[in-house]
Every structure is written in C-alpha cells, then in structure tokens.
Amino acid sequence: MAIDIVLPIVLVLMILLIGTMIVVRAVRSRNVQQASGEASNARREARGDGKP
C-alpha cells in the first residue's frame, strides 16, 4: 500500500534531479566556452590581430 504513494514521488524526484543535472552541466559548459572565448579575444587584442 505504501509503495503506491512512494513510487510516483521517487520517480518525480529522480526526473527533477536528472533535469537539474543536465541544466547545470549545460550552463557550466556555456560559461567555460564564454571564458575561453574572452581569453582568446584578449590574446588576439594583445597581439594586435583583433578588430579595434
């Protein structure tokens, strides 16, 4: 009887946990890409290859 109540709750929590993990991973990779892009832009400007 109790498993009828617990099982849907556990499934919903697992789905939410997986969803948040995917979102966190996507945001982290996007931040890393932005940081590397900004670093390469700074290097390009330091070399003088960048657009003014």
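Below: a short report on this structure. (Residues numbered from 1 in each chain as written. Predicted model: local features only at pLDDT ≥ 70, side-chain atom pairs only at ≥ 80, totals over all residues. Heavy atoms only, no water.)

Quick word on the overall build of the protein chain
When helices and strands are tallied, the protein chain shows one helix and zero strands. Here the C-alpha radius of gyration of the protein chain, 22 Å, is well above what a compact globule of 52 residues would show, namely 10 Å. Taking the principal axes of its C-alpha atoms as reference, the protein chain extends roughly 70 × 10 × 5 Å. Within the span of the protein chain, comprising 52 residues, buried residues form 0% of the whole. Carbon and sulfur atoms provide 68% of the accessible area of the protein chain, an area that totals close to 4900 Å². (Helix = DSSP H or I, 4+ residues; strand = E, 2+ residues; numbered from the N terminus. Rg over C-alpha atoms; globule rule 2.2 N^0.38 Å. Buried < 20%, exposed > 50% of the residue type's maximum accessible area, 1.4 Å probe, protein only. Areas by Shrake-Rupley, 256 points an atom, 1.4 Å probe, with all protein chains shown as cover.)

Observations concerning helix α1 (residues 2–47)
Here α1 contains 46 residues, and its C-alpha end-to-end distance of 67 Å stays within 8% of the 68 Å for a straight helix at 1.5 Å per residue. Positive phi shows up at Gly 48, right after α1, with a value of about 95°. (Expected span 1.5 Å × (residues − 1).)

Digging into the environment of Glu 45
Counting through the fold element by element, Glu 45 comes out in helix α1. Here the alpha-carbon distance between Glu 45 and Ala 2, two residues 43 residues apart in the chain, equals 64 Å.

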